[in-house]
Amino acid sequence: HRSRPIGLMLIVEPADPTAPGPRALLEESHALMRTLFPPEDNYFLDLEELRAPGIRFFAARDGDRIMGTGALALKPDYAEVKSMFTAPRARGKGVAAALLRALEDEARKAERPVLRLETAEALEAAMRLYERHGFTRRGIFGDYRPNTTSVFMEKPLT
């Protein structure tokens with residue numbers, strides 16, 4: 001008789017990005033982005049920006065362990081996915097998909113017709129996740145500047 005691994009009891013909920021668990025994960029994400037991309041190609045929001053009125057920040061947790069983060073920036077005519085990051089120990093366990101569903105639900109609740117995001121070709125797992133969830137490539141949008149690393153995607157919600 002072999003025991004099976006116990007799955008995550010994942011809860012995705014609004015959170016404070018400056019709380020210790022989310023903060024540690026966001027700092028890990030920011031450090032990784034700084035090693036992968038030049039400063040001018042890094043568009044992550046800092047901790048205070050993630051607390052702004054037009055931002056909805058979520059954390060995924062298993063018990064009291066933060067497993068992932070994601071944020072939604074509400075723009076006048078669309079919503080944008082920001083700060084998606086899954087703890088290395090939680091990758092491949094559905095954490096990012098659960099966060100993305102919560103962000104999409106929040107965008108629908110806010111009556112935004114489309115969900116957009118900026119990612120990078122180098123982030124292969126992220127690209128696969130977004131494509132699996134119905135995102136397709138589109139041109140540059142918002143305040144982004146043209147560069148050689150960014151990929152822009154969107155998903156209609158109507």
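Everything in this summary refers to the structure shown in the same document.

### Some words on helix α1 (residues 20-36)
Here comes step 1: When the terminal C-alpha atoms of α1 are compared, their 25 Å separation across 17 residues agrees well with the 24 Å that a helix rising 1.5 Å per residue should span.
Here comes step 2: Every buried residue of α1 is accounted for by Pro22, Leu25, Leu26, Ser29, His30 and Met33. All buried residues of α1 project into a common sector of 140° when viewed along the axis, lining one side. What points out from α1, more than 90 degrees from its buried face, is the exposed set Pro20, Arg34 and Thr35.
Here comes step 3: Elements in contact with the buried residues of α1: β2 (55-62), β3 (65-74) and β4 (79-86).

### Side note on unusual backbone geometry
Here comes step 1: One non-glycine residue, Ser83, lies in positive phi territory at about 55°.
Here comes step 2: Take Ser83: it is sitting in strand β4.
Here comes step 3: A residue is classified by how much of its surface remains accessible, and Ser83, at 15% relative accessible area, is buried.
Here comes step 4: A positive phi angle, close to 60°, is found at Glu111, a residue other than glycine.
Here comes step 5: Following the sequence through the fold, Glu111 ends up in the loop between α2 (95-109) and β5 (114-120).

### Focus on the layout of surface pockets
Here comes step 1: Considering only enclosed or pocket space, the largest pocket measures out at about 840 Å³ in volume.
Here comes step 2: In this structure, the largest pocket is lined by 39 residues; those nearest its centre are Met84, Phe85, Leu123, Ala126 and Tyr130.
Here comes step 3: At the level of elements, α1, β4, α2, β5 and α3 (124-132) are the ones that each hand at least two residues to the lining of the largest pocket.
Here comes step 4: Looking at which element gives the most residues to the lining of the largest pocket, the answer is β4, with seven residues.
Here comes step 5: Here the residues of the lining of the largest pocket are counted per class, giving 21 nonpolar, 10 polar and eight charged.
Here comes step 6: The computed volume of the second largest pocket comes to approximately 330 Å³.

Conventions we followed
- Residues numbered from 1 in each chain as written.
- Predicted model: local features only at pLDDT ≥ 70, side-chain atom pairs only at ≥ 80, totals over all residues.
- Heavy atoms only, no water.
- Helix = DSSP H or I, 4+ residues; strand = E, 2+ residues; numbered from the N terminus.
- Expected span 1.5 Å × (residues − 1).
- Buried < 20%, exposed > 50% of the residue type's maximum accessible area, 1.4 Å probe, protein only.
- Arc of directions from axis to C-beta.
- Contact = heavy atoms within 4.5 Å.
- 1 Å grid on protein atoms, 1.4 Å probe; cavity = no way out; pocket = protein on both sides within 12 Å on 5 of 7 lines; lining within 4 Å.
- Points joined across faces, edges and corners; volume = space filled by probe spheres on them.
- Nonpolar A, V, L, I, M, F, W, Y, C, P; charged D, E, K, R; others polar.

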